[in-house]
Amino acid sequence: MVNPRFSVNVDRVRAVSRALAGIGWDGFVRLDMLEPEFNVLSEVYHRVGDVRVLLVLGLSAAIVDYQLAGDAFRFWNTLQKVLAKRGFKLSSIGDIRAVMGEFLNYPVNARFNSTKRGRVAKFFNSGFADFLWDRAYKYYSDRPTEIWYGLAKTLGNRPDQKTIVFAMKVLDLISLLVNGSYANFPRDVPIPLDVHVARMALYSGIVKGDGSEISERVIQRNKEIFLRAWGDVAERVSEMLGRRISPLRIDSLVWQLSKEAQKASYRRNHAIRYIIRYLVDVANIDGNVAKNVAQELTYKMPY
């Protein structure tokens, strides 16, 4: 049951959308390129040059990117170390499976390790990896929904489950890396909602509720509200820019800025400074735009 204390605040959706639209198309692309997974995928592609490797490696890693002993940066950096240790030898599905087997031995994957190994085994034993390697690599960008629903079915998950949607975000970034354009996902593709992105929905005010109570349980009970709020922001930003901004672009921005706010212990004055500095110095966003974004995303954050 949806908790009646949580609801979408349309006025705040408008205000946040106006601020985020200032980032512009190029700004959203730069923010995507700052995602921890993009850095690793980029190095793999430049060293190996095979989109089949990117798809099988990227999706098999994405489905175990949860309940980490550390954070996403540690997860993907550890994978990068495993690849470097093997000299980026990735010429077959067997090579990638061996990488994943070694990767799961590392402490970052210690939590739910047997479950993660089971998911990776299903990914390879079911024939899904072969499907990507033999056929889907030819049309993954044009027909990503086929891969999306196929992966969910393979793992026995709902298509909107966080790790499944995150795997599709990885596919989207692979398309950007290889083709210079995003995959053809439907407009209402959900985001891989986690505690960081949900918390910023509350702190920005686009969702009415008590930010101090946010937890995985609260997120799951109110998932539709959080997804609708960020989806509405994506729609409004798209209208303002005259170009489609997927909810997955909003996810990259909000996830990264939530990590900055976390460094400031989610105290508004400090969080605003962290967010502005990140947007300007790291993402090369205009200072006035960065200020507007910081102020709107921290609107209800305590001082």
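Cut-offs applied
- Residues numbered from 1 in each chain as written.
- Predicted model: local features only at pLDDT ≥ 70, side-chain atom pairs only at ≥ 80, totals over all residues.
- Heavy atoms only, no water.
- Helix = DSSP H or I, 4+ residues; strand = E, 2+ residues; numbered from the N terminus.
- Rg over C-alpha atoms; globule rule 2.2 N^0.38 Å.
- Contact = heavy atoms within 4.5 Å.
- Areas by Shrake-Rupley, 256 points an atom, 1.4 Å probe, with all protein chains shown as cover.
- Lys, Arg positive; Asp, Glu negative; His and termini not counted.
- Charge placed at Lys NZ, Arg CZ, Asp CG, Glu CD.
- Core = buried A, V, L, I, M, F, W, Y, C linked by side-chain atoms within 4.5 Å.
- Buried < 20%, exposed > 50% of the residue type's maximum accessible area, 1.4 Å probe, protein only.
- Salt bridge = Lys/Arg side-chain N within 4 Å of Asp/Glu carboxyl O.
- Phe/Tyr/Trp six-rings, centres within 6.5 Å; stacked < 30°, edge-to-face > 60°.
- Lys NZ or Arg CZ within 6 Å of the ring centre and 35° of its normal.
- Polar contact = N/O pair within 3.5 Å; in protein donor to acceptor, adjacent residues only side chain to side chain.

Student: Teacher, can you tell me more about the overall build of the chain here?
Tutor: Looking only at helices and strands, the chain features 16 helices and two strands. The C-alpha radius of gyration of the chain comes to 19 Å, within 12% of the 19 Å expected for a compact globule of 303 residues. Taking the principal axes of its C-alpha atoms as reference, the chain extends roughly 50 × 40 × 35 Å. Contacts in the chain between residues at least 24 apart in sequence constitute 74% of all its contacts with a sequence separation of at least 6. Here the chain has roughly 12,800 Å² of accessible surface; of this, 47% comes from carbon and sulfur atoms. Side-chain charges of the chain comprise 44 positive and 31 negative groups, with the mean position of each set lying 4 Å from the other.

Student: What is the right way to read the nonpolar core from this model?
Tutor: Within soluble globular proteins, side chains that are nonpolar generally end up buried alongside one another. Counting 63 residues, the largest nonpolar core has Leu59, Phe123 and Ile147 as its most contacted members. For this core, the secondary structure elements donating two or more residues are α3 (36–48), α4 (51–62), α5 (72–85), α6 (93–103), α7 (113–125), α8 (128–134), α9 (144–155) and α10 (162–179). Not counting residues up to four positions away in its chain, the partners in contact with Leu59 are Leu54, Phe123, Phe128, Leu132, Ile147, Ala167, Met168, Val170 and Leu171. Membership of the second largest hydrophobic core comes to 54 residues, among which are Leu31, Tyr266, Val289 and Met301.

Student: Mind showing me how you'd approach the pattern of salt bridges here?
Tutor: Opposite charge on two side chains lets them pair, provided their charged atoms get close. Enumeration according to the criterion identifies 16 salt bridges in this entry. Of the charged contacts in the structure, one is a salt bridge between Asp11 and Arg14, with a shortest N-O distance of 2.8 Å. One end of the pair, Asp11, and the other, Arg14, are both in helix α1 (residues 10–21), three residues apart, so they sit about a helical turn from each other. Between Glu235 and Arg187 there is a salt bridge, and its shortest N-O distance comes to 3.3 Å.

Student: Teacher, can you tell me more about unusual backbone geometry here?
Tutor: Negative phi values dominate among residues other than glycine, just as trans dominates among peptide bonds. Its identity as a non-glycine residue notwithstanding, Gln67 has a phi of 45 degrees, on the positive side. Looking at where Gln67 falls in the secondary structure, it is placed in the loop between α4 and α5. The class for Gln67 is partly exposed, based on a relative accessible area of 41%. Positive phi, close to 60 degrees, is recorded for Asn284, a residue that is not glycine. Along the chain, Asn284 turns up in the loop between α15 (268–282) and α16 (287–297).

Student: Just checking my understanding: could you explain the environment of Lys259 for this structure?
Tutor: For Lys259, the position within the fold is in helix α14 (residues 247–263). Expressed as a C-alpha distance, the spacing of Lys259 and Ala271, which sit twelve residues apart in the sequence, is 9.8 Å. Apart from residues no more than four positions distant in its own chain, Lys259 is found in contact with Asp71 and His196.

Student: Even after reading the chapter, I still don't get the packing of aromatic side chains, so can you show me in this structure?
Tutor: Working definition: an aromatic ring pair is given by the centre-to-centre distance plus the angle between the planes. Applying the stated rule across the entire model yields twelve aromatic pairs. Consider the rings of Phe123 and Phe124, whose centres lie 5.1 Å apart with planes at 75 degrees: the pair is edge-to-face. Exposure remark for Phe123: the relative accessible area of 0% places this residue in the buried category. Of the residues examined, Phe124 reaches a relative accessible area of 6% and is grouped as buried. Joined through ring pairs, the aromatic side chains of Phe75, Trp76, Phe103 and Phe166 make up one cluster. Arg52 extends its terminal NZ or CZ atom over the ring of Tyr137, reaching a point 6.0 Å from the ring centre. Here Arg249 stacks its cationic end above the ring of Tyr182, 3.7 Å away from the centre of that ring.

Student: Looking at this structure, I do not really get the environment of Arg47. What am I missing?
Tutor: By the element assignment, Arg47 lies in helix α3. Accessibility expressed as a relative area gives 54% for Arg47, which makes it exposed. Measuring from C-alpha to C-alpha, the distance between Arg47 and Val189 comes to 31 Å, with 142 residues separating the pair along the chain. One polar contact links Arg47 to Glu43, side chain to side chain, over a distance of 3.0 Å.

Student: It is not clear to me how the environment of Tyr303 should be interpreted in this structure. Could you clarify?
Tutor: Along the chain, the position of Tyr303 falls in the segment after α16. In this structure, the C-alpha to C-alpha distance between Tyr303 and Ser91, residues 212 residues apart in sequence, is 53 Å. If near-sequence neighbours (up to four positions away) are discounted, Tyr303 is found in contact with Arg267, Arg268 and Asn269. Among the polar contacts made by the side chain of Tyr303, one reaches the side chain of Arg268 at a distance of 2.9 Å.

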